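Notes for the structure review
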Amino acid sequence: MEIIREKEQDGLRMVTVKRDTRETRITLSLNLDGTGKASVDTGIGFFNHMLEGFARHGFFDLELKVEGDLEVDCHHTVEDTGIVLGCAIREALGDKAGICRYGSMILPMDETLVLAAVDLSGRPYLNFQAEFTAPKVGEMDTEMAREFFYAVSYSAAMNLHLKVLDGGNNHHIMEALFKAFAKALDQAAGKDDRIRGVLSTKGSL
């Protein structure tokens, strides 16, 4: 894994992460203080759509290129992208000084309602409660939703809760999960001038 910290411009938190294995080759650039611009190519159309929505609704700038072994299935591409995105989030946050740390969102999408809650605590944990009634949405296996968010949460060392409160359409459920996560993360990574150092009695996150 190669991590390139971009030179800070006006305090923007930017990082590029490269990861090459026998299964995937990934280059990802993330700006936590962006405007929601995205250039995404994973080889999986629906996964591209989810990550573009993540960037747009979280106001993150995201550039991502993935070359994966899609001739096998989508597992390695989706999971490894989660690993690299989580690493980029962790690195872009730096020492976490001044961040709000916590973020949450209850997001509606037609008949679907999803809760997302984030704690950028430095302790990885995923609580994922979502059920799908179809094996795929587009060319993305629905079971990979959990694997993606697990990889993100553990690589970023964040506490992440995702719960589908209501829903029926598999496309809506998946999309609401990505958008709710984006909104919660944007809130948690945001800064509050009242915070001195990190928001913890321990003195570190």
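Read on for a plain summary of the structure. Values in this document were obtained by computation on a predicted structure and should not be read as measured data.

Moving on, we get to the nonpolar core. The biggest cluster of nonpolar side chains holds 60 residues, and the ones touching the most others in it are Leu30, Ile89, Leu120, Phe148, Phe149, Met158 and Phe181. By residue number, the principal contributor to this core is helix 4 (residues 170-189), which donates 12 residues. In this view, phenylalanine 148 contacts Phe47, Leu51, Val78, Thr81, Gly82, Leu85 and Phe178; residues no more than four positions away in its chain are not counted.

Spatially, four strands are ordered 6-7-11-8 in an open sheet, and the strand pairing comes out mixed. For this open sheet the edge positions go to strand 6 (102-109) and strand 8 (125-129), each flanked by a neighbour on one side alone. The average angle at which neighbouring strand axes cross in this sheet is 10°, direction not considered. Looking at chain direction, strand 8 and strand 11 (residues 159-166) are connected through five bridges and run parallel. Bridging from a neighbouring strand, asparagine 127 pairs with histidine 161 of strand 11. Sitting on the sheet, helix 3 (residues 144-156) is in contact with strand 8 and strand 11, with an inclination near 160° to strand 8. Its contacts with the sheet place helix 4 against strand 6, strand 7 (112-119), strand 8 and strand 11, and it is angled at close to 150° to strand 6.

Taking 1.5 Å per residue, 19 residues should reach 27 Å; helix 2 (residues 75-93) reaches 27 Å between its end C-alpha atoms and fits that length. With 16 of 19 residues buried, helix 2 is to be regarded as a mostly interior element. Backbone geometry just downstream of helix 2 places glycine 94 in the positive-phi region, at approximately 60°.

A separate point is the packing of aromatic side chains. The full count for this structure, using the stated rule, is nine aromatic pairs. Summarising the aromatic geometry, the rings of phenylalanine 149 and phenylalanine 178 are spaced 4.9 Å apart at their centres and angled 55° between planes, so their arrangement reads as tilted. Linking phenylalanine 149 in helix 3 with phenylalanine 178 in helix 4, this pair joins segments that are 29 residues apart in sequence. Put simply, the rings of Phe47, Phe54, Phe60, Phe128, Phe148, Phe149, Phe178 and Phe181 pair up and form one aromatic cluster.

The subject of this paragraph is the pairing of strand 6. Bridging between strand 6 and strand 7 involves eight bridges; their strand directions are antiparallel. Its bridge partner being in strand 7, serine 104 is matched across the sheet by alanine 117.

Attention now moves to the environment of histidine 49. Examined against the element boundaries, histidine 49 turns out to sit in helix 1 (residues 45-58). Separated by 126 residues in the primary sequence, histidine 49 and glutamate 175 place their C-alpha atoms 8.5 Å from one another. Contacts of histidine 49, omitting those with residues within four sequence positions, involve His171 and Glu175.

Quick look at the side chain of lysine 96 now. For lysine 96, the location among the structural elements is in the loop between helix 2 and strand 6. This buried residue, lysine 96, is left without a salt bridge; aspartate 119 holds the nearest opposite charge, at 7.6 Å. With residues near it in sequence (within four places) discarded, lysine 96 still touches Leu120, Ser121, Gly122, Gly197, Val198 and Leu205.

This next bit is on the layout of surface pockets. Looking at the largest pocket, its volume works out to about 160 Å³. Taken together, 13 residues form the lining of the largest pocket, with Ser29, Asn31, Asp61, Leu62 and Glu63 sitting closest to its centre. Broken down by secondary-structure element, the contributors of at least two residues to the lining of the largest pocket are strand 2 (14-20), strand 3 (24-31), strand 4 (38-41) and strand 5 (61-68).

Thresholds, definitions, all that
Residues numbered from 1 in each chain as written. Predicted model: local features only at pLDDT ≥ 70, side-chain atom pairs only at ≥ 80, totals over all residues. Heavy atoms only, no water. Core = buried A, V, L, I, M, F, W, Y, C linked by side-chain atoms within 4.5 Å. Buried < 20%, exposed > 50% of the residue type's maximum accessible area, 1.4 Å probe, protein only. Helix = DSSP H or I, 4+ residues; strand = E, 2+ residues; numbered from the N terminus. Contact = heavy atoms within 4.5 Å. Pairing = 2+ DSSP bridges. Axes fitted to C-alpha atoms, helices over the stretch in contact; angles between N-to-C directions. Expected span 1.5 Å × (residues − 1). Phe/Tyr/Trp six-rings, centres within 6.5 Å; stacked < 30°, edge-to-face > 60°. Lys, Arg positive; Asp, Glu negative; His and termini not counted. Salt bridge = Lys/Arg side-chain N within 4 Å of Asp/Glu carboxyl O. 1 Å grid on protein atoms, 1.4 Å probe; cavity = no way out; pocket = protein on both sides within 12 Å on 5 of 7 lines; lining within 4 Å. Points joined across faces, edges and corners; volume = space filled by probe spheres on them.

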